[in-house]
Amino acid sequence: IASLGLAGAVGAIGALGALGRRGPTPYLPMLLYCAWCMVPIAYASDTNYLLYQVVSLLCVVVAGIGAFGGSAAAHERAFRTLSKTLMWTLALALGLSVAGLWLWPARVWEYAIGDVPRFRGLMSEPASLGVAAGLLVGFAWAVLRNPLLRFPLVGLGLVSLVLTGSRTPLIAMLIAVLFVAAVHKSAKTLFLAGTGVAVVVALGLAAGVQLDRGTVDRAVRANSLTNLSGRLALWQYGWELGRGQPVFGRGLTMGSQALAPDGSTMPAGGSSLANGHRDGREVARATFHNGYLQSYLDSGLMGALLYLLVVAAAGWRALAAEKTAESGMILYVMVFLAVSNLGQNAIQGPSTVYGVVFWLLVAAAATLPRRQGRLETKGAVIHQAETAACDNARP
């Protein structure tokens, strides 16, 4: 609470200047979504908890606008601070998680019923660690230039991601890497990624590793592929529940109230709110494992469309920006989290590290310099040449 409040208070000072410099237009999708999320405070069952969630989101949004909406130098400084701080924080968390395999194995493994043991490290669940690992891969690759630092951190992220057994973050990482490499025409990235996979396979073959059908099935958790670990039934149930909800939804992170409003057990694949206990935190823990469906239950159909607009606008701005390390990393994060959001609530509110990162980078994407076309670039060069010639011709 203290850190979010401090970020909002300090960010508000810079946000006023940023809005005066650029106007609200670049930030309109996120500001409209925040305004829409305020309405359910008037009728929510847990007003205090919902107020905390909305104010927390506003603090992060304001902090992002204040940090990235100033001058180009301030924008670059804020991005460098955020990326390095996050990268080393994630590296420390994942490093301690991997060390836990030997130091405290009972803590870092999750033994799900009817499923194989899954690695969760210091996180509360494997999927959360998988998203954190995917973020580390992107930040380490974009920020670090020294290969002695870059490749160990990227390797730490990949190892952690594979250990979790979380399919969605792994698929999201692969899609994000290929997407950024294609947009930025980075043959080097594709070559190094392919080389890394080849080296891992070669080392496995040299060590005499043999893969049979049973090993592969356990690794990909094939027994849960048909229903996506019960998610399909849960998503269908959530969509049906959404038809009878208020226009503005039940409130940020409070949409899960629809799962068991009377304390009854919900369909297979989800959690239940036992004994009718409807504390805000308990409600927020029972999720739909789909951030887009969760947004629909949280803020209604219009709110969900605004939510999609925020994601799409940030991705488009990163796609249309100048091809720099910053725009490439923001594009990677947006694609990675947007795909990960299909299998869990990866970008909902500021209650997770990746939720905070998403909303900060949405503000950063809004102020990225747009890429100029060939004609614009050629025209600018000609104009500069003509100006220089006129200056030289003056007595």
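Residues numbered from 1 in each chain as written. Predicted model: local features only at pLDDT ≥ 70, side-chain atom pairs only at ≥ 80, totals over all residues. Heavy atoms only, no water.

**A closer look at the overall build of the chain**
Here comes step 1: Assigned secondary structure in the chain consists of 16 helices and two strands.
Here comes step 2: By the burial criterion, 45% of the 395 residues in the chain qualify as buried.
Here comes step 3: Contacts in the chain between residues far apart in sequence, at least 24 positions, make up 73% of those at least 6 positions apart.
Here comes step 4: For the chain, the computed accessible surface area is about 19600 Å², with 67% contributed by carbon and sulfur atoms. (Helix = DSSP H or I, 4+ residues; strand = E, 2+ residues; numbered from the N terminus. Buried < 20%, exposed > 50% of the residue type's maximum accessible area, 1.4 Å probe, protein only. Contact = heavy atoms within 4.5 Å. Areas by Shrake-Rupley, 256 points an atom, 1.4 Å probe, with all protein chains shown as cover.)

**Focus: the nonpolar core**
Here comes step 1: If you look at the biggest cluster of nonpolar residues, it comprises 86 residues, and the most contacted ones within it are Leu337 and Leu361.
Here comes step 2: Setting aside chain neighbours within four positions, we find Leu337 in contact with Val131, Leu135, Ala346, Ile347, Tyr354 and Phe358.
Here comes step 3: If you look at the next biggest cluster of nonpolar residues, it comprises six residues, including Leu234, Phe288, Leu297 and Ala304. (Core = buried A, V, L, I, M, F, W, Y, C linked by side-chain atoms within 4.5 Å.)

**Structural notes on the state of the cysteines**
Here comes step 1: Inspection of the entire model under this criterion finds zero disulfides.
Here comes step 2: In this model Cys34 remains outside any disulfide bridge; the closest cysteine sulfur is found in Cys37, 6.5 Å from its own. (Disulfide = S-S within 2.5 Å.)

**Quick look at a positive patch on the surface**
Here comes step 1: A cluster of basic residues, Lys185, Lys323, Arg370 and Arg371, forms a positive patch on the protein surface.
Here comes step 2: On the secondary structure map, Lys185 appears in the loop between α8 (167–183) and α9 (187–206). (Patch = residues over 30% accessible without salt bridge, like charges linked within 9 Å, V, L, I, M, F, W, Y side chains within 5 Å. Salt bridge = Lys/Arg side-chain N within 4 Å of Asp/Glu carboxyl O. Lys, Arg positive; Asp, Glu negative; His and termini not counted. Charge placed at Lys NZ, Arg CZ, Asp CG, Glu CD.)

**Observations concerning α8**
Here comes step 1: With 17 residues, α8 should reach 24 Å at 1.5 Å per residue; the first-to-last C-alpha distance of 24 Å fits that figure.
Here comes step 2: Of all the positions in α8, only Arg167, Pro169, Ala172, Met173, Ala176, Val180, Ala181 and Val183 are classed as buried.
Here comes step 3: One or two steps after α8, the chain reaches Lys185, where phi turns positive at roughly 50°. (Expected span 1.5 Å × (residues − 1).)

**Observations regarding a nonpolar patch on the surface**
Here comes step 1: Where nonpolar side chains cluster on the molecular surface, the patch consists of Leu92, Leu96, Trp102, Leu103, Trp104 and Leu122 and spans about 660 Å² of accessible area.
Here comes step 2: Assessed through its relative accessible area of 68%, Trp102 is described here as exposed.

**Observations concerning the packing of aromatic side chains**
Here comes step 1: Going through the model one piece at a time under the given rule, you end up with nine aromatic pairs.
Here comes step 2: Where Trp36 meets Phe248, the ring centres are 4.2 Å apart and the plane angle is 35°; that geometry is what we call tilted. Residue Trp36 is located in helix α2 (residues 28–38), and its partner Phe248 is located in the loop between α11 (231–242) and α12 (280–285); the two are separated by 212 residues in the primary sequence.
Here comes step 3: Consider the rings of Tyr49 and Tyr52, whose centres lie 6.5 Å apart with planes at 50°: the pair is tilted. One end of the pair is Tyr49 and the other is Tyr52, both in helix α3 (residues 47–68) and three residues apart, which spans about a single turn.
Here comes step 4: What makes Tyr49 buried here is its relative accessible area of 13%.
Here comes step 5: Taken together through their ring pairs, the aromatic side chains of Tyr33, Tyr292, Tyr307, Phe358 and Trp359 make up a single cluster. (Phe/Tyr/Trp six-rings, centres within 6.5 Å; stacked < 30°, edge-to-face > 60°.)

**Some thoughts on the side chain of Ser128**
Here comes step 1: Assignment of secondary structure puts Ser128 in helix α6 (residues 126–143).
Here comes step 2: The exposure class of Ser128 is buried, given its relative accessible area of 7%.
Here comes step 3: Filtering out sequence-adjacent residues up to four positions away, Ser128 remains in contact with Met123, Gln344 and Tyr354.

**Structural notes on the confidence of the model for the chain**
Here comes step 1: In this model, the chain carries an average pLDDT of 80, and 74% of its residues clear a pLDDT of 70 or more.
Here comes step 2: This stretch, residues 209–227, has a pLDDT under 50; its non-local contacts, to residues over four places away or in other chains, come to 20 contacts.
Here comes step 3: Ignoring residues within four places in sequence, the model shows residues 387–391, a span with pLDDT below 50, making zero contacts including any to other chains. (pLDDT = per-residue confidence, 0-100.)

**Description of the packing of helix α14 (residues 325–340) against helix α15 (residues 353–366)**
Here comes step 1: Two numbers describe how α14 lies on α15: the axes approach to 10 Å, and their chain directions differ by 130°. Of the possible angle classes, the one that applies to α14 and α15 is oblique. Seen from above, α14 lies across α15 with left-handed handedness. Here Met329, Ile330, Val333, Met334 and Leu337 of α14 come into contact with α15, specifically with Tyr354, Val357, Phe358, Leu361, Val362, Ala364 and Ala365.
Here comes step 2: Class assignment of the residues belonging to the contact of α14 with α15 gives a composition of 12 nonpolar, no polar and no charged. (Axes fitted to C-alpha atoms, helices over the stretch in contact; angles between N-to-C directions. Parallel < 35°, antiparallel > 145°, perpendicular 65-115°, else oblique. Left-handed = near helix turned anticlockwise from the far one by under 90°. Nonpolar A, V, L, I, M, F, W, Y, C, P; charged D, E, K, R; others polar.)

**Describing the side chain of Asp46**
Here comes step 1: Within the fold, Asp46 resides in the loop between α2 and α3.
Here comes step 2: Residue classification places Asp46 among the buried residues on the basis of a relative accessible area of 18%.
Here comes step 3: A distance of 3.3 Å separates a polar atom in the side chain of Asp46 from the backbone nitrogen of Tyr49. (Polar contact = N/O pair within 3.5 Å; in protein donor to acceptor, adjacent residues only side chain to side chain.)

**Looking at unusual backbone geometry**
Here comes step 1: Of note in this structure, Thr253 is not a glycine but carries a positive phi near 70°.
Here comes step 2: When its relative accessible area of 4% is taken as the criterion, Thr253 is described as buried.

**A short note on the environment of Leu360**
Here comes step 1: Inspection of the secondary structure puts Leu360 in helix α15.
Here comes step 2: Taking relative accessible area as the criterion, Leu360 reaches 15% and is therefore assigned buried.
Here comes step 3: Apart from the residues within four sequence positions on either side, Leu360 is in contact with Val60, Ala63, Gly64, Phe68 and Leu82.

**Describing the environment of Gly70**
Here comes step 1: Mapped onto the elements, Gly70 comes out in the loop between α3 and α4 (72–103).
Here comes step 2: Gly70 sits in the buried class, given a relative accessible area of 18%.
Here comes step 3: Expressed as a C-alpha distance, the spacing of Gly70 and Gly14, which sit 56 residues apart in the sequence, is 7.2 Å.

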